[in-house]
Amino acid sequence: AQKITQTQPGMFVQEKEAVTLDCTYDTSDQSYGLFWYKQPSSGEMIFLIYQGSYDEQNATEGRYSLNFQKARKSANLVISASQLGDSAMYFCAMREGPPSGSARQLTFGSGTQLTVLP
Amino acid sequence: DTEVTQTPKHLVMGMTNKKSLKCEQHMGHRAMYWYKQKAKKPPELMFVYSYEKLSINESVPSRFSPECPNSSLLNLHLHALQPEDSALYLCASSHPGQLGSYNEQFFGPGTRLTVL
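Residues numbered from 1 in each chain as written. Chains lettered and ligands numbered in written order. Predicted model: local features only at pLDDT ≥ 70, side-chain atom pairs only at ≥ 80, totals over all residues. Heavy atoms only, no water.

Participant: I'd love a proper account of the overall build of chain A, names of residues and values included.
Facilitator: In terms of regular secondary structure, chain A is built from zero helices and twelve strands. Taken over C-alpha atoms, the radius of gyration comes to 14 Å for chain A, in line with the 13 Å a tight globule of 118 residues would show. Dimensions of chain A, computed from C-alpha atoms along their principal axes, come out at roughly 40 × 30 × 25 Å. Across the 118 residues of chain A, 47% fall into the buried class. For chain A, restricting intrachain contacts to residue pairs at least 6 apart in sequence, the fraction spanning at least 24 positions comes to 56%. (Helix = DSSP H or I, 4+ residues; strand = E, 2+ residues; numbered from the N terminus. Rg over C-alpha atoms; globule rule 2.2 N^0.38 Å. Buried < 20%, exposed > 50% of the residue type's maximum accessible area, 1.4 Å probe, protein only. Contact = heavy atoms within 4.5 Å.)

And the structure:
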């Protein structure tokens, strides 16, 4: 079974509007973390936002917020007031287990290509 | 300074060449990662170094040889590559979790490799 599922290969949004990118996950661990990364066409993966499995409040970072629904195992990214520079590939990723003192692998979803229209 | 640097940005090599990719970070991170990424696909993990020791090798062919000379530097040595090895190679680093981080990984800009 896929551990991270992103069902939207491509999304379009009008500039200044909000958009939600979907992510569902599958894990039997009680402690885990969920990440969103942005990858512009230049290639660099940019860390956007993090949600821990025990965090009671949804994470927010500027125009980014994470709609975390633990019972549904979903961690959707909401981008408010879209800008042209938000056009990029967006990846949802999961760390299984608690934060580690050494290295932790991330499992990535297949990504959503977001295009912001002027 | 949350920066991971990678050189070169672009590399074209023949199948008989030997080349190296370099990755550097000065954030005090003790875990470093190599990923391979094909177009429109998620990154695939290749190697993980934890405290300068190789901790994960995801069954990568021996024509890829990683090296971690110190805690700031990670190399990927390439030899006798195949055209299907053409991809974006990303390096990442992460902070130890017990120091208040989430093990979030910070990525470099990548090296676009073309094998002819």
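After that view, the rundown keeps rolling.
Participant: Would you mind going over unusual backbone geometry in detail, with residue names and values included?
Facilitator: With an omega of -10°, the peptide bond running from Thr7 of chain B to Pro8 of chain B counts as cis. Along the chain, Pro8 of chain B turns up in the loop between strand E1 (4–7) and strand E2 (10–13). Its identity as a non-glycine residue notwithstanding, Lys73 of chain A has a phi of 55°, on the positive side. Position of Lys73 of chain A among the secondary structure elements: in the loop between strand E8 (64–69) and strand E9 (74–79).

Participant: Account for the packing of aromatic side chains, with residues named and values stated.
Facilitator: Evaluated as defined, the whole model comprises 15 aromatic pairs over all chains. Ring centres 6.3 Å apart and planes at 90° place the aromatic pair Phe91 of chain A and Phe108 of chain A in the edge-to-face group. Of this pair, Phe91 of chain A sits in strand E10 (residues 88–96) while Phe108 of chain A sits in strand E11 (residues 107–108), and the two are 17 residues apart along the sequence. Residue classification places Phe91 of chain A among the buried residues on the basis of a relative accessible area of 0%. Classification of Phe108 of chain A by relative accessible area gives buried; the value is 10%. Among the aromatic side chains, those forming a connected cluster through ring pairs are Phe35, Tyr37, Phe47, Tyr50, Phe91 and Phe108 of chain A together with Tyr33, Tyr35, Phe106 and Phe107 of chain B. Its end group placed over the ring of Tyr64 of chain A, Arg63 of chain A keeps NZ or CZ at 5.8 Å from the ring centre. (Phe/Tyr/Trp six-rings, centres within 6.5 Å; stacked < 30°, edge-to-face > 60°. Lys NZ or Arg CZ within 6 Å of the ring centre and 35° of its normal.)

Participant: Would you mind going over the sheet that holds strand E7 (residues 64–70) of chain B in detail, with residue names and values included?
Facilitator: All names here are of chain B. Pairing in this open sheet of four strands is antiparallel, and the strands run E1-E3-E8-E7 from one edge to the other. The sheet is open, and its two borders are formed by E1 and E7, each paired with just one other strand. Pairwise comparison of adjacent strand axes, ignoring direction, gives a mean angle of 20° for this sheet. The pairing of strand E3 (residues 18–25) with strand E8 (residues 73–79) spans seven bridges and is classified as antiparallel. Bridge assignment links Leu21 to a residue of E8, and that residue is Leu76. (Pairing = 2+ DSSP bridges. Axes fitted to C-alpha atoms, helices over the stretch in contact; angles between N-to-C directions.)

Participant: Mind laying out the pairing of E3 of chain B, listing which residues take part and the relevant values?
Facilitator: Pairing between E1 of chain B and E3 of chain B: four bridges, direction antiparallel. Directly across from Thr7 of chain B, in E3 of chain B, lies its bridge partner Lys22 of chain B.

Participant: Before we move on, can you summarise the nonpolar core with the specific residues and values?
Facilitator: In terms of nonpolar packing, the biggest core is built from 25 residues, with Trp36, Leu77, Tyr90 and Leu114 of chain A touching the most fellow members. Of all elements in the fold, only strand E2 (10–14), strand E3 (19–21), strand E5 (32–39), strand E6 (46–52), E8, E9, E10 and strand E12 (112–117) of chain A reach the threshold of two or more residues within this core. With four residues, the single largest contributor to this core is E10 of chain A. Residue contacts for Leu77 of chain A: discarding those within four places in its chain leaves Val19, Thr20, Leu21, Trp36, Leu48, Ile49, Tyr64, Ser65 and Tyr90 of chain A. Leu11, Cys68, Leu76 and Leu78 of chain B belong to the second-largest nonpolar core, a separate cluster that totals 24 residues. (Core = buried A, V, L, I, M, F, W, Y, C linked by side-chain atoms within 4.5 Å.)

Participant: Can you break down the state of the cysteines residue by residue, with the values?
Facilitator: Residues and elements named next belong to chain B. Inspection of the entire model under this criterion finds two disulfides over all chains. Across the disulfide from Cys23 sits Cys91; the S-S distance is 1.9 Å. Negative torsions about the S-S bond denote left-handed disulfides, and the value of about -70° found for Cys23 with Cys91 makes this one left-handed. Here Cys23, found in strand E3, pairs with Cys91, found in strand E9 (residues 87–94); they are 68 residues apart in sequence, far enough to count as distant. Accessibility assignment for this pair places Cys23 and Cys91 in one class, buried. Take Cys68: it sits in no disulfide, and the sulfur closest to it among the cysteines is that of Cys23, at 9.2 Å. You can call Cys68 buried: its relative accessible area is 13%. (Disulfide = S-S within 2.5 Å.)

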